[in-house]
Amino acid sequence: MIDVRPFSSLGGANHGWLNAKHHFSFANYYDPSRMSWGRLRVWNDDEIAAKSGFPPHPHADMEIITYVRTGAITHEDSMGNRGRTGAGDVQVMSAGTGVRHAEFNLEDELTTLFQIWIETDKPGARPGWGQREFPKGDRTGRFSVLASGDPSDEALTINADAKVLGATLKAGESITYSLGEGRRAYLVPAVGAVEVNGVALNARDGAAIKDESEIKITATADAELVMVDSL
């Protein structure tokens with residue numbers, strides 16, 4: 001089953017400094033048919049104006065992954081962490097027992113990103129933060145694991161039985177991904193267009209996938225892909 005959620009159908013709000021689109025119910029957007037996809041709870045498509053951002057606010061017991069598409073985001077938190085994550089790179093925050101953080105676009109240009117929340121497997125765990133560069137050339141024609149609860153993946157660590165993956169495809173190229181029994185995938189092209197088992201998907205559309213043991217993705221235009229595989 002592949003349920004396409006066109007970008008034009010997403011909920012959201014434009015706050016001036018923030019133009020946010022929500023793949024799942026979030027804040028003032030509520031759709032009972034789009035509450036979550038397995039353990040995946042939030043996938044926000046955010047555009048953050050230059051010299052603006054999210055002031056300090058709290059989280060607890062959630063795995064929060066930020067994939068920067070363009071520009072950069074600068075993170076600060078109550079654990080004393082500070083870091084800048086640029087386009088194509090990823091940061092993760094395990095909120096655990098509780099943390100306050102701020103996310104600001106300190107650049108002179110618009111920053112665009114995906115913010116992904118996955119339900120934790122370890123409620124009450126010690127909070128943590130990490131950031132890593134992921135050169136796009138390393139994921140040409142294949143999926144690379146960006147964040148994972150499996151230490152053998154050698155990716156950014158999250159406290160969840162889930163993987164966040166990224167790939168780039170040239171028009172005409174294909175990749176195949178095996179989805180384990182009982183697992184679900186959610187795929188979004190950051191740019192470009194693809195067919196997923198023959199189903200068309202355009203830039204920033206979402207595809208909720210289950211009961212498909214093998215996923216074949218073919219680029220119909222040069223594409224940059226982000227996908228979550230979870231229970």
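Refer to the structure presented above.
Report follows, based on the coordinates. (Residues numbered from 1 in each chain as written. Predicted model: local features only at pLDDT ≥ 70, side-chain atom pairs only at ≥ 80, totals over all residues. Heavy atoms only, no water.)

Attention now goes to the sheet that holds strand β4 (residues 40-48). Taken together, the seven strands give an open sheet; going across it, the order is β2-β3-β4-β11-β6-β9-β12, and neighbouring strands pair in antiparallel fashion. The sheet terminates laterally at β2 (11-14) and β12 (128-132), the two strands that pair on one side only. Taken pair by pair, the neighbouring strands of this sheet meet at an average axis angle of 15°, ignoring direction. (Pairing = 2+ DSSP bridges. Helix = DSSP H or I, 4+ residues; strand = E, 2+ residues; numbered from the N terminus. Axes fitted to C-alpha atoms, helices over the stretch in contact; angles between N-to-C directions.)

Structurally, R184 is set in strand β17 (residues 184-196). On the basis of relative accessible area, R184 is assigned to the partly exposed category, the value being 25%. Remark: the alpha-carbon pair of R184 and R39, spanning 145 residues in sequence, is separated by 8.9 Å. (Buried < 20%, exposed > 50% of the residue type's maximum accessible area, 1.4 Å probe, protein only.)

Turning our eyes to something else, we now look at the pattern of salt bridges. On inspection of all chains with the given rule, the structure shows 13 salt bridges. Ionic pairing is found between R39 and E119, a salt bridge with its closest N-O pair at 3.4 Å. Here R39 is found in the loop between β3 (18-22) and β4, whereas its partner E119 is found in strand β11 (residues 111-119), with 80 residues between them in sequence. The partly exposed category is assigned to R39, whose relative accessible area is 23%. Across the salt bridge formed by D121 and R39, the nearest N and O atoms sit 3.0 Å from each other. Taken together, the positions of D121 in the loop between β11 and β12 and R39 in the loop between β3 and β4 put the pair 82 residues apart, joining distant regions of the chain. In this structure, a network of salt bridges that share partners links the residues D45, E47, R69 and R204. (Salt bridge = Lys/Arg side-chain N within 4 Å of Asp/Glu carboxyl O.)

No statement about biological role is implied by the geometric values presented.
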